[in-house]
Amino acid sequence: METNLSCSRYEKRFSRVIAYLHNNLAQELDLNQLADIACMSPYHWHRIYSSYFAESIVATVKRLRLQKAADLLAKTKLKIGYIGELSGYPNLQSFTRIFSSVYGMPPARYRLHGSHTQFELSTDLNMSTERRNLAMFPVQIQQSSGHTLLGVAHQGAYMGISQAFDHLSGLVATRRLYQAGAHLIGVYVDDPSRVAQEDLRSYACITVTPEIQISHALSPLHAVFIVAGKYAVLRYQGPYSDMQAAYQWLFGVWLPNSGEEAADSPAFEDYINNPRDTLPPDLLTDIYLPLL
């Protein structure tokens with residue numbers, strides 16, 4: 001019983017810190033203040049956080065800030081300096097230097113030539129048939145036996161699911177749920193072209209055995225099921241912030257020309273590697289589109 005109470009306390013502390021980080025990325029983040037939010041001494045807090053999340057709190061903040069910046073660069077026309085400010089960087093020079101070191105190119109170039117642009121080119125209706133064929137991306141048709149998952153629910157913009165995944169990481173650590181070969185899976189329930197952004201439903205999940213799921217599907221974890229069946233699978237390489245363009249291509253170009261029909265079940269993403277130890281340009285994600 002004492003062990004369960006201790007885990008619960010840690011989960012609540014991690015949850016408070018994760019929520020604060022995601023909601024205050026534009027602010028100067030003081031490590032002592034984060035320790036206060038976690039109700040731990042700064043000395044012990046850093047070590048405990050790193051052991052549970054496999055990255056330092058400084059690395060977490062950097063990852064989240066640059067992810068937010070990349071998303072804004074790909075999807076908005078905001079001035080680059082302002083994007084840097086919104087992402088927590090006090091001046092353009094530091095923003096450009098840090099962004100370049102992680103994404104392999106400065107922000108201005110990323111906006112014009114990031115991985116999101118390859119999919120945008122392929123959806124151009126004015127493109128000749130020959131050029132559209134050159135822009136095609138490989139999609140495999142696979143049969144899936146289904147998945148048993150535990151997940152944390154998220155409501156809102158799909159890019160915001162990163163907070164749910166960070167929360168999930170803390171829960172997996174405190175409850176010792178990780179099993180060799182487990183996959184992180186994002187399940188996206190609603191169509192963002194038909195559902196308001198604030199109402200979009202998704203789940204940040206990890207694969208587990210049925211026995212683990214039954215014994216640990218306790219709040220805030222939910223049992224989530226991926227149905228068996230036929231799927232179109234697109235292997236995407238690049239930052240998560242660019243995947244919206246991949247979905248547009250998959251649904252808008254590939255599907256109408258494939259002879260296939262989409263099934264009435266959620267799409268999901270299987271994350272092949274981990275953003276905590278992989279640079280954004282090298283991230284690999286399999287996007288699963290259910291088919292009839």
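Residue indices begin from 1 for each chain and proceed along its sequence in written order. Reporting of local features is limited, given that this is a predicted model, to residues whose pLDDT is at least 70; pairs of side-chain atoms are given and counted only at 80 or more, and all residues count toward the totals for whole chains, interfaces and linings. Each side-chain value is derived from all of the structure's non-hydrogen atoms; neither hydrogens nor water enter the calculation.

Examining the nonpolar core
- Residues Phe119, Leu168, Leu234, Trp249, Leu250, Trp254 and Ile287 are the most contacted members of the largest nonpolar core, which totals 39 residues.
- Numbered from the N terminus, helices here are DSSP runs of H or I no shorter than four residues, and strands are runs of E no shorter than two. Those elements giving two or more residues to this core turn out to be β2 (147–155), α10 (161–175), β4 (201–207), β6 (229–237), α12 (243–258), β7 (267–271) and β8 (284–291).
- Examining the composition of this core, we find that nine residues originate from one element, α12, more than from any other.
- Setting aside anything within four residues of it in sequence, one finds phenylalanine 119 in contact with Phe137, Leu234, Tyr236, Ala245, Ala246 and Trp249.
- Within the second largest apolar cluster, 17 residues are counted, among which are Val17, Ala38, Trp45 and Leu64. Among buried residues, those of type Ala, Val, Leu, Ile, Met, Phe, Trp, Tyr and Cys that are joined through side-chain atoms within 4.5 Å constitute a nonpolar core. Only protein chains enter the area calculation, which uses a 1.4 Å probe; residues under 20% of their type maximum are buried, those over 50% are exposed, and those in between are partly exposed. The contact rule is simple, with two residues in contact once any of their heavy atoms fall within 4.5 Å.

Structural notes on the packing of aromatic side chains
- Between the rings of Phe, Tyr and Trp (Trp by its six-membered ring), a pair exists once the centres lie within 6.5 Å; its type follows the angle of the planes, with under 30 degrees stacked, over 60 edge-to-face, and the other angles tilted. One pass over the structure, following the stated rule, counts 15 aromatic pairs.
- On the numbers, 4.5 Å between centres and 5° between planes, the contact of phenylalanine 99 with tyrosine 103 is stacked. A residue pair is termed a helical-turn pair when its members lie 3 or 4 positions apart in one helix, as phenylalanine 99 and tyrosine 103 do in helix α6 (residues 92–103) at four residues.
- Given a relative accessible area of 0%, phenylalanine 99 falls into the buried group.
- Taking the centre distance of 5.5 Å and the plane angle of 75° together, the rings of tyrosine 103 and tyrosine 110 count as edge-to-face.
- The class of tyrosine 103 is buried, set by a relative accessible area of 7%.
- Put simply, the rings of Tyr89, Phe95, Phe99, Tyr103 and Tyr110 pair up and form one aromatic cluster.

Points about the confidence of the model for the chain
- Values of pLDDT, ranging from 0 to 100, describe the predictor's confidence in every residue of the model. When the pLDDT values of the chain are averaged, the result is 85; 90% of them are 70 or greater.
- Scored below 50 in pLDDT, residues 128–134 makes seven contacts in the model with residues more than four places away or belonging to other chains.

Comments concerning the pattern of salt bridges
- Criterion for a salt bridge: a side-chain nitrogen of Lys or Arg within 4 Å of a carboxyl oxygen of Asp or Glu. By the definition in use, this model includes nine salt bridges.
- Taking the shortest distance from any N to any O, the salt bridge between glutamate 55 and arginine 276 comes out at 2.5 Å. Placement of the pair is glutamate 55 in the loop between α3 (42–53) and α4 (57–75) and arginine 276 in the loop between β7 and β8, with a sequence separation of 221 residues. For the pair glutamate 55 and arginine 276, one class covers both residues: buried.
- A single network of salt bridges, built from pairs that share partners, joins Glu55, Arg63, Asp166 and Arg276.

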